[in-house]
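Take a look at the letters that make up each chain.
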Amino acid sequence: MPPTRIEAEYRPSYLAAAISAAAIFLLYLITLSPTVAMWDAGEYMAAAKVLGLPHPPGNPFFMLLAKAFGMLPVHASFPQRINTLSALTSALSAGIWFLITERALSGIVRERWQRILAGALAALIGGTAFTVWNQSVVNEKVYNVSLLFFTIVSWLALEWADDPDTRRADRILVLIAYLLGLGYANHPAGFLAAPAVAVLILWRRWQTFLRWKLILVSIAALILGLTPFIYEPIRAAHFPAINEGEPTACTVKIEAACTFNKVTYDRLMANINREQYGVKEGRHAPYSAQVGMWWTYFKWQWLRDSVGTRAPAQALLAVTFLMLGLIGGYVHFRSDKKSFWYFGPLMFTMTLALIYYLNFKYGWSQSPELGDAVDREVRDRDYFYIWSFSAWGVWASIGLIYIWRSTAALFKRDPVDKTGYDDEPGRRGLAFAAPILLLALLPLFLNWRDASRSGETFTREWARDLLNSVEPYGILITNGDNDTFPLWYAQEVEGIRKDVTVAVTSYLATDWFTRQLIRRPIADYDAAAGPAIYRNQQWKKPSGPPLRMTFAESDAIPEFIQIPQPQTFRHGNIVATIPAGVLMRDQIVLLRMIKDSYPERPIYLSNGGYGNAIGLGPYTVRQGLAEKLMDRPVVEGGDIMRIGGGMMDVKRSHELWKIFGGPAAMIKRGDWVDRPSYGIPYGYAVTGMLIAEGLSTQNNLEAVRPILKTVSAISKAARIPDFAGAGQ
């Protein structure tokens, strides 16, 4: 298959690609988050800071990379360094998509400057797609690093396809195998490029699969790439502050025999295989609905209409970019089959095949007309398709260049090229048709407000406010990711209220987390850095862990206990009635924690409903953003008032409200794009209203007005209709 004349003249424009990547990187730096965000960002930043293990599969390569990057003097703060890592990997990926786009047009576009323009448009379109942009300016996930692995493997695969019979080609295949393994050590998605590599080899030189020596060396390279997983049991045995899954047989001290024994191996494999999350059986939603989820998120990429007022424009843009991509795919096939027979299968793997494999429920924002009639994901999962949205820029830009050139050719054609390829449009026609190319700029301008995280500090301030709602040396029982990961970030990255023990209910159901509670050291309370309201008394440091039991006793706690009839839990003056049914492990652990630690340690719940389920409701009172457990049934009197169906310490809550940083950060942000986390700003609005109601009852109207004004501003910023007129 000899190259055409145009292909023979093709040389990769590395400098232009580097300039495009630098421009995207600059865009990300301008819109970079200065701190943390909701969901997994806090977990990954905290785990990188302490060199720990995040949730399964543990992402060992990312942990090592992030820890090293976090030590570089590229920013004043650790979170900005980690966010910059995310921005850099995405920008480099955009540069490689540039090269692949330029190459894809090498067989049909003679003018080099036009191929360079196509590459720049690919970097721009893919780089400003909402999910790509939004995930590139804060390190919420490890997927941006995975994206860089995809693009590097893609470029190497195309380099191999140029001349697959040389020793250099063999070395490239070995390198690809290594990068696939290393990419898997970053995240299992690292293997997603493998099917496309296999298809390319079958199409270009299928005999390669018969070369057993090359196959064995490639398998060895793949295994070598997986070696960062050794980090997990080694680091777990040192018991870092974040040690999810705890893939080690060690319990107290490191011993040579316990690090790599069978127990350690089994725990490591359970961690890598994500056994903590169980096995998905059957289709969680019809495949058509799962494809519909991808389409919902695809529509976001070109106009993230978080307010919901521009749905027609969003749909029109989505159809436009879908058609551009499909046209681009066809042109790609026609122009450069060598690169197409890699990139086409890659796009299929990252879309239709991945959708089938992930087997999601209905998306949180998908098909709102169905309401609660269908099971839904707890949040929107658009980040799982970040790779396809980024790569779509390649085909969309090719389609855009094709339409531009075709339109220009209608006005004036250059002489037919002797190679038989498309007529070259005249420069005058190209200039006349140039406004068509402005389509590529639309995502940049339309997504800026929602994708940018510049100056956004709300999540950090919320974490600080929730921790400060807890008295020194308190235990805070949280419910899930958003209640927990920002707190880990605040404690481990910024050193905020490390004296508070954060115990998440979903992890109390695991053996490894209760062992960590037993093992975790008690940090000293820093009164000077804490709220002034806690400086009027001495706070005694606890004498032991929140669970006073052996590791064997902890491991022996059952997953659940059947309760045929109501049971009574007694501790001091607490007499709680546990209803008949099933008492889950996390509830058993909480009750044991109360027996072992209370009242030496104050106990708080981030959500009072959790305590109500086991009969603790009459013993809780709201203080700021949390519910405090009291040693006797709470009754009205003094500053304790019944408001909104529950009890509130109005004075303490008001004092905390005055030092809360979350409301001002929310108002400054001006919008709340992440609607599944809507309950976080809503919690501030409710708390403010309850405090205002209590102060009104006490005739403290002077204090009520600024609170209502703040609640109104929060409600407008977060689009909470219930309290939008509170300040009027």
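Thresholds, definitions, all that
- Along each chain, residue indices are assigned from 1 in the same order as the chain's sequence is written.
- Whole-chain, interface and lining totals are the exception, using all residues; otherwise, since this is a predicted model, local features are given only for residues with pLDDT of at least 70 and side-chain atom pairs are given and counted only at 80 or more.
- In computing side-chain values, all of the structure's heavy atoms are included and hydrogens and water are not.
- Values of pLDDT, ranging from 0 to 100, describe the predictor's confidence in every residue of the model.
- Whether two residues are in contact is decided by their heavy atoms, any of which lying within 4.5 Å being enough.
- Put simply, buried Ala, Val, Leu, Ile, Met, Phe, Trp, Tyr and Cys residues joined by side-chain atoms within 4.5 Å make one nonpolar core.
- Relative accessibility under 20% of the residue-type maximum defines a buried residue, over 50% an exposed one, and the middle range a partly exposed one, all with a 1.4 Å probe and only protein chains included.
- Every case where a carboxyl oxygen of Asp or Glu lies within 4 Å of a side-chain nitrogen of Lys or Arg is listed as a salt bridge.
- Starting at the N terminus, helices and strands are each numbered in turn, a helix being any DSSP run of H or I of at least four residues and a strand any DSSP run of E of at least two.
- When DSSP finds two or more bridges between a pair of strands, those strands are recorded as paired.
- For this analysis, a ring pair means two rings from Phe, Tyr or Trp (six-membered ring only for Trp) whose centres lie within 6.5 Å, classed as stacked if their planes differ by under 30 degrees, edge-to-face if by over 60, and tilted for the remaining angles.
- In this scheme, the term charge over a ring applies when either NZ of a lysine or CZ of an arginine sits within 6 Å of the ring centre and within 35 degrees of the ring normal.

The pLDDT averaged across the protein chain works out to 91; a share of 95% of its residues lies at or above 70. Below a pLDDT of 50 lies the segment residues 416-421, which in the model reaches nine contacts outside its immediate sequence neighbourhood of four places, other chains included.

Counting 216 residues, the largest nonpolar core has Tyr 342, Tyr 385, Trp 387, Trp 462 and Ile 594 as its most contacted members. For Tyr 342, the residues in contact, after removing those within four places along its chain, are Phe 150, Val 153, Ser 154, Ala 157, Leu 158, Ala 193, Ala 196, Val 197 and Leu 200.

Attention now goes to the pattern of salt bridges. For the structure shown, the criterion picks out 30 salt bridges. One salt bridge in this structure joins Glu 600 and Arg 548, with 2.6 Å as the shortest N-O distance. With Glu 600 in the loop between helix 26 (585-597) and strand 7 (603-605) and Arg 548 in the loop between helix 24 (511-519) and helix 25 (551-555), this pair connects stretches of sequence that are 52 residues apart. Here Asp 596 and Arg 592 are joined by a salt bridge, their closest N and O atoms 2.8 Å apart. Taken as a pair, Asp 596 and Arg 592 lie in helix 26 at a separation of four residues, close to a single helical turn. Of the residues examined, Arg 592 reaches a relative accessible area of 30% and is grouped as partly exposed. Residues joined in a network through salt bridges with shared partners are Glu 246, Asp 511, Arg 515, Arg 519 and Asp 555.

So, on to helix 3 (residues 41-50). Helix 3 sits mainly inside the fold: nine of its ten residues count as buried. Among the residues of helix 3, those classed as buried are Ala 41, Gly 42, Glu 43, Tyr 44, Met 45, Ala 46, Ala 47, Ala 48 and Val 50. On its buried face, helix 3 sits against helix 4 (60-70), helix 5 (78-104), helix 12 (231-236) and helix 22 (481-492).

Structurally, His 571 can be placed in strand 4 (residues 567-571). Non-local contacts of His 571, meaning those with residues more than four positions away in its chain, are made with Ile 594, Lys 595 and Tyr 598.

Before going further, it helps to examine the pairing of strand 11 (residues 646-649). As judged from the four bridges shared by strand 10 (residues 640-643) and strand 11, these two strands associate in the antiparallel manner. Each residue of the ladder has a partner; that of Ile 643, found in strand 11, is Gly 646. Hairpin connection of strand 10 to strand 11: two residues between the antiparallel strands, including Gly 644 at a positive phi of 60°.

This part takes up the packing of aromatic side chains. Across all of its chains, the model carries 43 aromatic pairs by this definition. Plain terms: the ring middles of Trp 488 and Tyr 507 are 6.3 Å apart, the flat faces sit at 35° to each other, and that makes the pair tilted. Placement of Trp 488 in helix 22 and of Tyr 507 in helix 23 (residues 505-508) is noted, with a sequence separation of 19 residues between them. Among the residues examined, Trp 488 registers a relative accessible area of 9% and is labelled buried. We classify Tyr 507 as buried; its relative accessible area is 7%. Across the ring face of Phe 130, the terminal group of Arg 304 is positioned such that the distance to the ring centre comes to 5.3 Å.

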